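# Breakdown of the fold
Residues per chain are reported as follows:
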Amino acid sequence: MSAEDAILVRRCLKGDEAAIQGLVERYQSDVFGLCMRLLHHRQDAEDVAQEVFLRVFRSLNRWDASRPFKPWVMGITVNRCRTWLTQRAKRPELVDYLHETASTRPADDSKELVQEIQAALHELRWEYRSVFVMYHERGLPYEDIADAIEKPVGTVKTWLHRARLVVLERLRRRGMLSEVEHELP
Amino acid sequence: MNCLECQELLQNRLDGERITAPEALDQHLSDCATCRQQHAGLARLLECAKQLPTPKLPANFAAQVVHEVMRDRRHRQDKMRRRVFVTAALAAGILLMLLAAYRWIPRDLQQPPIVENRPSNRIPEKKALPTPQKNEPKNAFASFAERLADTTRDHAKVVQVAIHFDAVEKLPSVKEIPMLEPGVREASQEVTEGVRAVTHNARKAFDFFARELPTPELGEQKN
């Protein structure tokens, strides 16, 4: 955990609104991005991200300061998304599905491949998807992911490898990687 | 090196970790087309994964969240305050009820039930002497009653004498002395009003004594 996080948390506990704003701005991208990728629905992602922050600030005094802050927040996010998905499965299907608005557009030659990866991600098992997104999109190291989902690092590695293989298999089936040739490093 | 070992090393290499036997891995990749294709595919996949679009945040998201967080905090604080107030009020209510019960429940209900006297060989225990606090109001009440009886007796004597006093009929009535009439009436009115307040207060005091004083025990009543 960085010293800046520690200071912000301490100020938040004292009810400093500016510190709350600072902490939200620091993690909003990670939280919303993960929600968006896991829920595949913009409005739901907004709602869940807001709920995640509410929970974070409600339980800020219960947070173990010896642990890093980001995995803790990501863990809450993953759990809230899972709960939301469970609840959503019981409700009638929503029609408004994924309005992906990219702030950074991929290069033209790989645009189709990127879209295909996104589609493949939504077919992944929940655990594989969350690990894949946290590692590749949010850039969390294995240890932090393990901390967030409360699993051993070995399990995280295995899930990530399987996730990659499933996505790869789909890309191959769709003929996206047939021409790829190996180049030795 | 077999394909299983190769996959593990491949994953480490893709994650940017240092691998133990890079030459052996490269040798296996040049020999095994399946592993080679998988490695190439995964490398391409990871390259594209870096280009996955970052979901755009909603406008004013942070401000909305902060607003919600602050509102939630206020709401929770109010809730906590209300809970503390209700708890304190309940505690105070219970305390008042207990005090009231202690103050107004008749003392004989608080005493243990009287056990019938059965013949036994045991030596009867001596009754504990009443405590000074318990005796004090009893004595006061007794002397008050005695004094009241004496006064009433004296008053009765005076009334009896007055009934048989012949000169009363000869006394002029107030109407016959017009000069005195308003003064006497006013005086009698004042006396009546004054006496009424005194009797009212005396009745209240008497009621209070009668209610508050412990009921005399059976043995004492007989005495």
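Basis of the calculations
- Residues numbered from 1 in each chain as written.
- Chains lettered and ligands numbered in written order.
- Predicted model: local features only at pLDDT ≥ 70, side-chain atom pairs only at ≥ 80, totals over all residues.
- Heavy atoms only, no water.
- Core = buried A, V, L, I, M, F, W, Y, C linked by side-chain atoms within 4.5 Å.
- Buried < 20%, exposed > 50% of the residue type's maximum accessible area, 1.4 Å probe, protein only.
- Helix = DSSP H or I, 4+ residues; strand = E, 2+ residues; numbered from the N terminus.
- Salt bridge = Lys/Arg side-chain N within 4 Å of Asp/Glu carboxyl O.
- Contact = heavy atoms within 4.5 Å.
- Patch = residues over 30% accessible without salt bridge, like charges linked within 9 Å, V, L, I, M, F, W, Y side chains within 5 Å.
- Areas by Shrake-Rupley, 256 points an atom, 1.4 Å probe, with all protein chains shown as cover.
- Arc of directions from axis to C-beta.
- pLDDT = per-residue confidence, 0-100.
- Polar contact = N/O pair within 3.5 Å; in protein donor to acceptor, adjacent residues only side chain to side chain.
- Nonpolar A, V, L, I, M, F, W, Y, C, P; charged D, E, K, R; others polar.
- Lys, Arg positive; Asp, Glu negative; His and termini not counted.
- Charge placed at Lys NZ, Arg CZ, Asp CG, Glu CD.

Phe57(A), Phe69(A), Ile117(A) and Met134(A) are the most contacted members of the largest nonpolar core, which has 74 residues in total. For this core, the element with the highest residue contribution is helix 2 (residues 17-39) of chain A, accounting for 12 residues. In terms of nonpolar packing, the next biggest core, distinct from the first, is built from 8 residues, Leu9(B), Leu10(B), Leu25(B) and Cys35(B) among them.

Take the pattern of salt bridges next. Residue and element names in this part refer to chain A. Taken as a whole, this structure holds 20 salt bridges over all chains when the rule is applied. Among the salt bridges present, the one from Arg11 reaches Asp16, with a minimum N-O distance of 2.9 Å. Accessibility expressed as a relative area gives 33% for Arg11, which makes it partly exposed. Take Asp16: its relative accessible area is 25%, and that puts it in the partly exposed class.

Right, let's get into the side chain of His161(A). Within the secondary structure, His161(A) is located in helix 8 (residues 153-173). Among residues more than four places away in sequence, those in contact with His161(A) are Gln7(B) and Gln11(B).

A surface patch of nonpolar side chains, about 350 Å² in accessible area, is lined by Phe141(B), Phe144(B), Leu148(B) and Phe206(B). Inspection of the secondary structure assignment puts Phe144(B) in helix 6 (residues 132-163).

This brings us to helix 1 (residues 3-13) of chain A. Every α-helical turn comprises 3.6 residues, leaving residues that sit three or four positions apart pointing alike. Residues and elements named next belong to chain A. Buried residues of helix 1: Asp5, Leu8, Val9 and Cys12, and no others. Angularly, the buried residues of helix 1 cover 100° about the axis, an arc narrow enough to put them on a single face. Away from its buried face by more than 90 degrees, helix 1 exposes Ala3 and Arg10.

Residues and elements named next belong to chain B. Model confidence for chain B is summarised by a mean pLDDT of 75, while 69% of its residues fall at 70 or above. Ranking the elements of chain B by mean pLDDT puts helix 9 (residues 218-222) last, at 47, and helix 4 (residues 61-104) first, at 90. Low pLDDT, under 50, characterises residues 219-223; the predicted model gives this stretch 2 contacts beyond four residues in sequence or across chains.

Here the focus is the interface of chain B and chain A. A common way to report how large an interface is uses the accessible area buried once the components associate. Across the boundary between the two partners, chain B contributes 40 residues, which contact 55 residues of chain A. The tally of links between chain B and chain A comes to 2 salt bridges. The shortest N-O distance in the salt bridge between Arg58(A) and Asp72(B) comes to 2.9 Å. Taken together, the links from chain B to chain A amount to 11 residue pairs in polar contact (both at pLDDT 80 or more). Counting residues per element, the ones that place at least two in the side of chain B that touches chain A are helix 1 (3-14), helix 2 (22-31), helix 3 (33-49) and helix 4 of chain B. Top contributing element to the side of chain B that touches chain A by residue count: helix 3 of chain B, with 12 residues. When its residues are assigned to classes, the side of chain B that touches chain A shows 19 nonpolar, 10 polar and 11 charged.

Moving on, we come to a positive patch on the surface. Together, Arg62(A), Arg76(B), Lys79(B), Arg82(B) and Arg83(B) line one region of the surface with positive charge. For Arg82(B), the location among the structural elements is in helix 4.

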